[in-house]
Amino acid sequence: DVKVTQSSRYLVKRTGEKVFLECVQDMDHENMFWYRQDPGLGLRLIYFSYDVKMKEKGDIPEGYSVSREKKERFSLILESASTNQTSMYLCASSLRGAQPQHFGDGTRLSIL
Amino acid sequence: EDQVTQSPEALRLQEGESSSLNCSYTVSGLRGLFWYRQDPGKGPEFLFTLYSAGEEKEKERLKATLTKKESFLHITAPKPEDSATYLCAVQADKLIFGTGTRLQVFP
């Protein structure tokens, strides 16, 4: 079974802090994704990566950056956290092309 | 504009009462349609992939079907443990998620 592991289930940070969310997958998948999920808005794509050191902007990249130094690891960075970034953050991976994405259990991030 | 719409938003069923969830889509160049189950506070769990009209997939009490405009997730004789939010996602140039159907099954 595919396993996508997110480093924290719950995280509380302060406004202005730099925040790192880590994600690791164990199935040698090519693609990795970061989403946020908010009530009434569904899943929105922040960034994705098709290969090591490669990144593409999703629908809502503002205020975020990413890093993929190794194939199995994809990090989301909030450069200067703001209260409107309080959300559930979900990492996903997929083998390639039109293969299904597999999700981690999410990090519920609160910015105070 | 590519769009995915799920209905109903919420569904309450008695245990054993079969029903269907709908996912309608308008996209250019469908490459695949996926169904997920999401429990509160957890990430979506992959259920099915459908690639072409007429295709069907089954798993326990769930059966997914696909036409050129929509997909159905049929739930036969549901149990309380089937309670969850069911998400549909369509792969075109990018993956587009619907907002889900929240299913509650009462004993």
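The rules we used
Residues numbered from 1 in each chain as written. Chains lettered and ligands numbered in written order. Predicted model: local features only at pLDDT ≥ 70, side-chain atom pairs only at ≥ 80, totals over all residues. Heavy atoms only, no water. Phe/Tyr/Trp six-rings, centres within 6.5 Å; stacked < 30°, edge-to-face > 60°. Contact = heavy atoms within 4.5 Å. Buried area = accessible area lost by both parts, 1.4 Å probe. Salt bridge = Lys/Arg side-chain N within 4 Å of Asp/Glu carboxyl O. Polar contact = N/O pair within 3.5 Å; in protein donor to acceptor, adjacent residues only side chain to side chain. Helix = DSSP H or I, 4+ residues; strand = E, 2+ residues; numbered from the N terminus. Pairing = 2+ DSSP bridges. Axes fitted to C-alpha atoms, helices over the stretch in contact; angles between N-to-C directions. Buried < 20%, exposed > 50% of the residue type's maximum accessible area, 1.4 Å probe, protein only.

> Looking at this structure, how should I read the packing of aromatic side chains?
In this description, an aromatic ring pair is defined by two values, namely the gap between the centres and the angle between the planes. The full count for this structure, using the stated rule, is ten aromatic pairs over all chains. Site record: aromatic cluster; members linked through ring pairs are A:Phe33, A:Tyr35, A:Phe48, A:Tyr50, A:Phe103, B:Tyr36, B:Phe46 and B:Phe97.

> What is the right way to read the interface of chain B and chain A from this model?
As a measure of interface size, the accessible area lost when the parts come together is often cited. Facing 16 residues of chain B, the contacting portion of chain A comprises 16 residues. Between chain B and chain A the total buried area reaches about 1400 Å² when both faces are included, carbon and sulfur atoms providing 55% of it. At the junction of chain B with chain A, the criterion picks out one salt bridge. Across the pair A:Asp59 and B:Lys94 runs a salt bridge whose closest N-O atoms are separated by 2.8 Å. Taken together, chain B and chain A are joined by four residue pairs in polar contact (both at pLDDT 80 or more). Those elements that provide at least two residues to the side of chain B that touches chain A are strand E4 (32-38), strand E5 (45-50), strand E9 (84-91) and strand E10 (95-97) of chain B.

> What am I meant to see in the sheet that holds strand E7 (residues 62-66) of chain B here?
The strands that make up a sheet pair up through hydrogen bonds in the backbone, lying either parallel or antiparallel. All names here are of chain B. Strand order in this open sheet of five strands is E1-E3-E8-E7-E6, and the pairing throughout is antiparallel. Looking at the sheet topology across the chains shown, the edges are occupied by strand E1 (3-7) and strand E6 (56-59). The average angle at which neighbouring strand axes cross in this sheet is 15°, direction not considered. Relative to strand E8 (residues 70-75), strand E3 (residues 19-26) runs antiparallel, the two being bridged by six bridges. Bridge pairing in E8 links Ser-19 to Ile-75.

> Even after reading the chapter, I still don't get the pattern of salt bridges, so can you show me in this structure?
Oppositely charged side chains may form a pair once their charged atoms are brought near each other. Scanning all chains against the criterion turns up eleven salt bridges over all chains. The shortest N-O distance in the salt bridge between A:Asp38 and A:Arg36 comes to 2.9 Å. For the pair A:Asp38 and A:Arg36, a shared accessibility class is recorded, and that class is buried. Put simply, B:Arg37 and B:Asp39 hold a salt bridge, and the shortest N to O gap is 3.0 Å. For B:Asp39, a relative accessible area of 25% corresponds to the partly exposed category.

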